[in-house]
Amino acid sequence: MSKRKIGVLVMSYGTPESLDQIEAYYTHIRRGHPPSAEQLQELKERYEAIGGGFFPLRENTNKQVAALRETLDRLYPAYEFACFQGLKHAQPFIEDGVEQMVRDGFKEAVGIVLAPHYSVMSVGGYIKRAREKAEQTGLAMTFVKSYHLHPKLIEALSNRVKAALERFGGVPLNEVKVVFTAHSLPEKILEMRDPYPDQLLATSRAVADQAGVPNWMFGWQSAGRTSTPWLGPDILDILRTLRKEERVKNVLVCPVGFVSDHLEVLYDLDIEAQRLAGELGMHLERTESLNTDPLYMETLAETIRMHIGD
């Protein structure tokens, strides 16, 4: 008896693969408007700062997709799975991934984004593009909107919080402020009653409870530079406030909205926030990213299986 073939479109933001691709990548993000020379130089310097121009997101995503395929095969041997990447701002684009599934003979598929929390401005945009292409090609496709409270995701994140707290060398738990962060979005999502902020708070609360953290808060990071206001407070402002107004010396940042090491983690937190913490005389640590953590891979696999119609 032949196995049922299921295509899995694994969607993510995307990143250039080398320094000479940055301008095209940045132009795509800016909807066809090339960046200024200053903007381009700043982005290149950030990539160079995190490892001499190494592009970790692309490699990390490749590893995540491979590990997800292995996990699906292990957990659900009755199916024949194949994973395809679909990137928002780089090749293979979301539409390319859908087309490749069709060319490879898949009739049904599940789409999932490497981001646990839903916003119409993020995950919603990925799904819209994939759904439109699937409808054009006749591919039967269902979509995962969010998985922000999956028990194995919460377990994986709480394990990382507990491990990182040990790096404070015996400082009492209530003297370490745990700050959960995620990528900021324009404030207008609040008027739309977008679920993104509430889902992030729910994840943060669940992780804090499971890790036994009494002293925590939520904040934002990596806001875009536009004329419209973005959600705050930003992690840099939070550090200043904690130090000057609350005399906090020890801070653990858990970037709960990110699932792998990339620019927003390796630069915005490990370089920019760490530099400010040093200036303020604070001890700042960060939880390790999920990357290919088996619990995260099982979160994705189990969520995908729930979206396969029987």
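Above this text you will find the structure in question.
Here goes a summary of the coordinates provided. Counting from 1, residues in each chain are numbered in the order their sequence is written. Reporting in this predicted model follows two pLDDT cut-offs: at least 70 for local features of residues, and 80 or more for side-chain atom pairs to be given and counted; totals over whole chains, interfaces and linings ignore these cut-offs and use all residues. To obtain the side-chain values, all non-hydrogen atoms of the structure were included, while hydrogens and water were left out.

## Details of the pattern of salt bridges
Pairing between side chains of opposite charge can happen when the charged atoms of each approach one another. A pair is scored as a salt bridge if a Lys or Arg side-chain nitrogen falls within 4 Å of a carboxyl oxygen belonging to Asp or Glu. This model, assessed by the stated rule, comprises 19 salt bridges. Note that E42 and R225 form a salt bridge whose closest N and O atoms lie 2.9 Å from each other. Highlighted residues: E42 in helix 2 (residues 37-49) and R225 in the loop between strand 6 (216-221) and helix 9 (235-245), separated in sequence by 183 residues. For E42, a relative accessible area of 28% translates into the label partly exposed. Measuring nitrogen to oxygen at the nearest pair gives 3.3 Å for the salt bridge that ties E298 to R74. To qualify as a helix, a DSSP run of H or I must reach at least 4 residues; to qualify as a strand, a run of E must reach at least 2; elements of each kind are numbered from the N terminus. Throughout, exposure labels follow a simple rule: accessible area from a 1.4 Å probe, protein chains only, divided by the maximum for the residue type, with under 20% read as buried, over 50% as exposed, and the rest as partly exposed.

## Quick look at the packing of aromatic side chains
In this analysis, rings of Phe, Tyr and Trp, with Trp reduced to its six-membered ring, are considered paired at centre separations within 6.5 Å, and the interplanar angle assigns stacked below 30 degrees, edge-to-face beyond 60, and tilted for intermediate values. With the rule as written, the count across this model stands at 6 aromatic pairs. Between F84 and F106, the aromatic rings sit 5.6 Å apart at their centres with planes inclined by 80 degrees, giving edge-to-face as the arrangement. Remark: F106 occurs in the loop between helix 4 (94-103) and strand 3 (108-113) and F84 occurs in strand 2 (residues 79-87); sequence separation between them is 22 residues. Accessibility expressed as a relative area gives 9% for F84, which makes it buried. The class for F106 is buried, based on a relative accessible area of 7%.

## Looking at the side chain of T61
When you line up the elements, T61 lands in helix 3 (residues 56-75). When its relative accessible area of 3% is taken as the criterion, T61 is described as buried.

## As for the sheet that holds strand 6
The parallel open sheet is built from 4 strands, whose spatial order is 6-5-7-8. Because the sheet does not close on itself, it has two edges, and the strands there are strand 6 and strand 8 (283-286). The average undirected angle you get between the axes of adjacent strands in this sheet is 30 degrees. As defined by bridge partners, strand 5 (residues 176-183) adjoins strand 6 across 6 bridges and the pair is classed as parallel. Directly across from F180, in strand 6, lies its bridge partner F218. Sheet contacts for helix 6 (residues 151-165): strand 5, strand 7 (250-254) and strand 8; angle to strand 7, the most-contacted strand, approximately 155 degrees. In what follows, residue pairs with any heavy atoms lying within 4.5 Å of each other are defined as contacts. Orientation is described by lines fitted to C-alpha atoms, with helices fitted over the stretch in contact, and by angles between N-to-C directions that extend from 0 to 180 degrees. Seen against the sheet, helix 9 touches strand 5, strand 6, strand 7 and strand 8 and runs at an angle of roughly 140 degrees to strand 6. For two strands to pair, DSSP has to find at least two bridges joining them.

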